[in-house]
Amino acid sequence: QVQLVESGGGLVQAGGSLRLSCAASGRTFKWNGMGWFRLGRGLERELVAAISWNGGNTYYADSVKARFTISRDNAKNTAYLQMNSLKPEDTAVYYCAATSENYSYTIGRYNYWGQGTQVTVSS
């Protein structure tokens, strides 16, 4: 029902910024909560940020609060993750995901996943 494609990753020096985009296709995007996850040094994907279908509710992992901002533009079928003050520990493959629910910060509730985009932060 939902197809997701991430873009915007790359190599950046510590302290720099990147904006990730997640282009969605499908008929249910407006009613899907969205999340950004990353797979870094751990073996499991961790939730970075989540946003409700209408943008009214957001969640951030403690490690990225005040540095990352999640947003979405339903008219453009696109979700974003603005990443500022990047640190080497932010290096990971970043995935966008969609849940059939309005909003969730539980990974098991996300049913649709993009292919991931690599973010590498050098010191």
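In short, a report on the structure. Computed from a prediction, not measured in an experiment: that's the story for all the values here.

Rules of the game
- Residues numbered from 1 in each chain as written.
- Predicted model: local features only at pLDDT ≥ 70, side-chain atom pairs only at ≥ 80, totals over all residues.
- Heavy atoms only, no water.
- Pairing = 2+ DSSP bridges.
- Helix = DSSP H or I, 4+ residues; strand = E, 2+ residues; numbered from the N terminus.
- Axes fitted to C-alpha atoms, helices over the stretch in contact; angles between N-to-C directions.
- 1 Å grid on protein atoms, 1.4 Å probe; cavity = no way out; pocket = protein on both sides within 12 Å on 5 of 7 lines; lining within 4 Å.
- Points joined across faces, edges and corners; volume = space filled by probe spheres on them.
- Nonpolar A, V, L, I, M, F, W, Y, C, P; charged D, E, K, R; others polar.
- Core = buried A, V, L, I, M, F, W, Y, C linked by side-chain atoms within 4.5 Å.
- Buried < 20%, exposed > 50% of the residue type's maximum accessible area, 1.4 Å probe, protein only.
- Contact = heavy atoms within 4.5 Å.
- Salt bridge = Lys/Arg side-chain N within 4 Å of Asp/Glu carboxyl O.
- Disulfide = S-S within 2.5 Å.

### A short note on the sheet that holds strand S8 (residues 78-83)
Strands belonging to one sheet form pairs held by backbone hydrogen bonds; the direction of such a pair is parallel or antiparallel. Taken in spatial order, the four strands of this open sheet run S1-S3-S8-S7, and their pairing is antiparallel. The open sheet has two edge strands with one neighbour each: strand S1 (3-7) and strand S7 (68-73). Ignoring strand direction, the axes of neighbouring strands in this sheet form an average angle of 15°.

### Regarding the layout of surface pockets
Gaps left between atoms are located by rolling a probe of water-molecule size over the structure's atoms. Estimates place the volume of the largest pocket at around 180 Å³. Taken together, Arg38, Leu39, Gly40, Arg41, Gly42, Glu44, Glu46, Ser63, Glu89, Thr91 and Ala92 make up the full set of residues lining the largest pocket. In the lining of the largest pocket, the residues fall into two nonpolar, four polar and five charged.

### Points about the nonpolar core
Formed by 27 residues in total, the largest nonpolar core has its most connected members in Leu4, Trp36, Val48, Phe68, Leu81, Met83 and Tyr94. Of all the elements in the fold, those that place two or more residues in this core are strand S3 (18-25), strand S4 (33-39), strand S5 (46-51), S7, S8, strand S9 (92-99) and strand S11 (117-122). Non-local contacts of Leu4, meaning those with residues more than four positions away in its chain, are made with Cys22, Ala23, Ala24, Met34, Cys96, Ala97, Ala98, Tyr112, Trp113, Gly114 and Gln115.

### Points about the pattern of salt bridges
All told, the structure shown has five salt bridges when counted by the stated rule. Sharing partners across several salt bridges, the network here consists of Arg38, Glu46, Arg67 and Asp90.

### Digging into the side chain of Ser104
Inspection of the secondary structure puts Ser104 in the loop between S9 and strand S10 (110-113). Looking at Ser104, the relative accessible area reads 6%, which means it is buried. Setting aside residues no more than four positions away along its own chain, Ser104 makes contact with Ala50, Thr99, Arg109 and Tyr110.

### Notes on the state of the cysteines
Applying the stated criterion across every chain yields a total of one disulfide. Between Cys22 and Cys96 runs a disulfide, and the two sulfur atoms are separated by 2.1 Å. On the S-S bond that ties Cys22 to Cys96, the torsion sits near 60°, and the link is right-handed. Placement of the pair is Cys22 in strand S3 and Cys96 in strand S9, with a sequence separation of 74 residues. Classification of Cys22 by relative accessible area gives buried; the value is 0%.

### Topic: the environment of Gly114
Mapped onto the secondary structure, Gly114 falls in the loop between S10 and S11. Using a relative accessible area of 10% as the deciding quantity, one classes Gly114 as buried. Once you skip the residues sitting within four places of it in the chain, Gly114 turns out to touch Leu4, Glu6, Tyr95 and Cys96.

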